[in-house]
Each structure stands twice: as C-alpha cells, then as structure tokens.
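Per-entry structural report
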Amino acid sequence: VSNYLCRPWELFLIRKLSHHLIVLNYLICTFDKLKSVSSEDIKITDAVFDGVEVRVFEPPAKGDESLKRSVVYIHGGGWALASARTSLYNNLCRIMAESLNAVVVSVEYRLVPKVWFPEQYHDALRATRHFLQPDVLAEYSVDPSRIAISGDSAGGNLAAAVCQQLSKDEDLPVRPKLQALIYPVLQAFDFNTPSYQQNMNMPVLPRYVMINYWIDYINGNYDLAHELLINNHTALNVGRALSFRARLNWTSLLPPSFKKNYKPVVQSTGTEAIVERLPALLDVRAMPLLADDATLARQPPTYMLICENDVLRDDGAMYAARLERAGVPVTLDHFHDCFHGCMIFTVWPTDFSAGVQTRNSYIKWLDENL
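Conventions used here
Residues numbered from 1 in each chain as written. Predicted model: local features only at pLDDT ≥ 70, side-chain atom pairs only at ≥ 80, totals over all residues. Heavy atoms only, no water. Salt bridge = Lys/Arg side-chain N within 4 Å of Asp/Glu carboxyl O. Helix = DSSP H or I, 4+ residues; strand = E, 2+ residues; numbered from the N terminus. Buried < 20%, exposed > 50% of the residue type's maximum accessible area, 1.4 Å probe, protein only. Patch = residues over 30% accessible without salt bridge, like charges linked within 9 Å, V, L, I, M, F, W, Y side chains within 5 Å. Areas by Shrake-Rupley, 256 points an atom, 1.4 Å probe, with all protein chains shown as cover. UniProt positions renumbered as here; feature names shortened; annotations may be inferred. Contact = heavy atoms within 4.5 Å.

Comments concerning the pattern of salt bridges
On inspection of all chains with the given rule, the structure shows 15 salt bridges. Arg-110 is the partner of Glu-119 in a salt bridge, and the nearest nitrogen-oxygen pair spans 3.2 Å. Among the salt bridges present, the one from Arg-129 reaches Asp-169, with a minimum N-O distance of 3.4 Å. Taken together, the residues span a long stretch of sequence, with Arg-129 in helix H3 (residues 119-131) and Asp-169 in the loop between helix H5 (154-168) and strand S6 (178-182) at a distance of 40 residues. On the accessibility criterion, Arg-129 (30% relative accessible area) is partly exposed. Sharing partners across several salt bridges, the network here consists of Asp-46, Glu-53, Arg-55 and Arg-85.

Some remarks on a nonpolar patch on the surface
There is a patch of nonpolar side chains on the surface, built from Leu-236, Leu-242 and Val-266 and spanning about 250 Å² of accessible area. Following the sequence through the fold, Leu-242 ends up in helix H9 (residues 239-242).

What to know about the UniProt feature "active site" (unreviewed entry) in the protein chain
On the UniProt side, "active site" (unreviewed entry) is annotated at positions that read Ser-153, Asp-310 and His-340 here. Of the residues just listed, which span 188 residues, no C-alpha pair is farther apart than 10.7 Å, and they cluster in one region. Judged by its relative accessible area of 9%, Ser-153 falls in the buried class. Residues contacting Ser-153, with those up to four places away along its chain left out, are Gly-76, Ile-182, Tyr-183, Pro-184, Val-185 and His-340. With respect to the element layout, Asp-310 can be found in the loop between strand S7 (302-309) and helix H14 (313-325).

What follows is the structure, given as structure tokens:
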C-alpha cells in the first residue's frame, strides 16, 4: 500500500470517531467549563454579541491610561470540541489579557453536531463585527486602531475566514490591525501535502482524525473518506477544482526543507460528484487558502505559528507564502520540535514545555506589533 492511501484501519477509525467526539465534548463541556470568576487582576464576564455568546477578559485600568488594545480569540477543537469556557482556553485568554494589558474577547461559537458549516463561520463573523462597532469598543475602552483577530487550529480557520470577509466589507468603520493564526487548518483540497504524508500517524492529530473533522464540519458522509484522502475530489477531471489548483501548489509554495522527497498526489480521473454534493469543499469561507490574490492582498500583517510534527504544518506555510507574495507582512514562526495543539497545554498535568514556548512566542509577537 502506498504511503498516501487510506488504510482500512483509518476508515474504521473515521467511522468510530464521530460518536466518541460527541461523548468527549459532552464530558469536556460538562465538567471543565469554568464560571466567569473575576480576580483583582482580570475581570471576566460572559456576554452576547449579536446572538453569539462570548467571554470577555478585561485587565484593570492603569493610571491615566484611557484605551486598551484588544484580541478577538476563536478557540480550536475541529469545529466540534472545546469551549471558550474550558480551563485550557480560559487560562490562555486570561494570560493574554494580563501579559498584553488587553481586552480579550473569546468567541463561544456553536459546534458540530448542533450546527455545521457555515454556521460556525457566521457565529464568529457576527460576534467580531458586533465587537468592532465603535460604541461597543468604547464600552470596553478599546483602541479601535489596535485590534487583532486570532485563533488556533479550527479557530485559526475561522479567524482567517472572518478576516478575509472583513477586508471586503466596505461599510466597516473599524478593521483588525493584525491577524495571528496558530497552526490553522486552511484547506481540504489536498490531504497529501508533505506534512500530511510525514505526520499521517502523528498523535494528537493523525490524518484520519483531521478528515473526520472535515467530514463532520461540512456535514458529509464517512463513506467519502477514502476518496478525499487520495484526492479524488480534486482530480484533474474535476472541472470545479481546476481554477484553485495553482493557489495551493505546494511544489512552488513550500521550501525544500518541507518538501523533502515527497511527491504530489494528483489523480487524473476522480469523482466530480463529491464537490457537487459537498460544495463547501471549494468554498473559501471554509477553505481560506483557496482565496484569490486580490483578497489576500487586503489582509493585515500576519503572524503564523506552525509545528513540524503536525499534519497542518503546510496549510499554514502555504498561506504565509501566498500572503507574502500578495505583499502582506508575515512572520512565520516554525517550531521544529512541537506538535499540533501544544500551545494550550501549559497547566498541570499537561504543562508541556512546547506549550509554554509557543505561547510565549505568540504573546511576544502580539506585544511588539499590536
């Protein structure tokens, strides 16, 4: 069996994983959600922004300081897991608010299986647009010229998609100054990039888990897993996919140290019915890496954190390369010894050095640029 084919055990795990994810999220959200308990250092409140729940972290005013900078943060979890209120994300946003002396808005978007794409995207967009209104920013004493949008993993996907849409909104009075994306998932066009091939069995996010997340997000059928994983949905005979191929041609977007000796997996004949049944597979709101160059040129300065031991390494690296080619200032922060999801693991018993290292680098960039 070649190294890119979907092995039978992968298909078995894909079908079994959905039920376990639902149970896992129930346990997480039942036993790990923290109430909005403030301290003398940070005021934590729950609010609703245009019908979307958010958790707001506010540091105390310092002296004659009038306005603060701010970060809109969108949590990860494959569009199906976690919460702005779980201890891991509550801790991250509290530390961000303290370290940056910034107002942090953590978006509690709805999850699979209650909703599917594009509802998660709409939730993130509505909450962000609401916060960017001048009267709302004034209520939280936020400087409208110093706002970043950020997220990790699936939250990075939503942050990138929201940032693209905001850049097209001509009536928006306030726009993000920066975007900061943490190992984001940005495409389902090619499941055989070098990082997908290299890390297909990597713990935390092996390839079969990522394909499960995608199938769930776009409300697809697990029977399509094999065809997706060998790129039958973007074969050369799939007309709808042709115009997007050059936008994520990893042979030209990735450095030699990433490409190594891996070969592209491009099927000559595939199944066009897949994208007809699941148009989200080519929808830029779900796949920000598919955006055209004109859209990318309107994006704000970008921080991109990627990890070597991650199937999504190349999603972030390709997006960074395309943004740079479009004239956007980009900081690509590549951690050679870190893994997907590591940044939130900074609290006992999962207080990993990789988590502290990546979190500190991310916060340092925001501090210097926001």
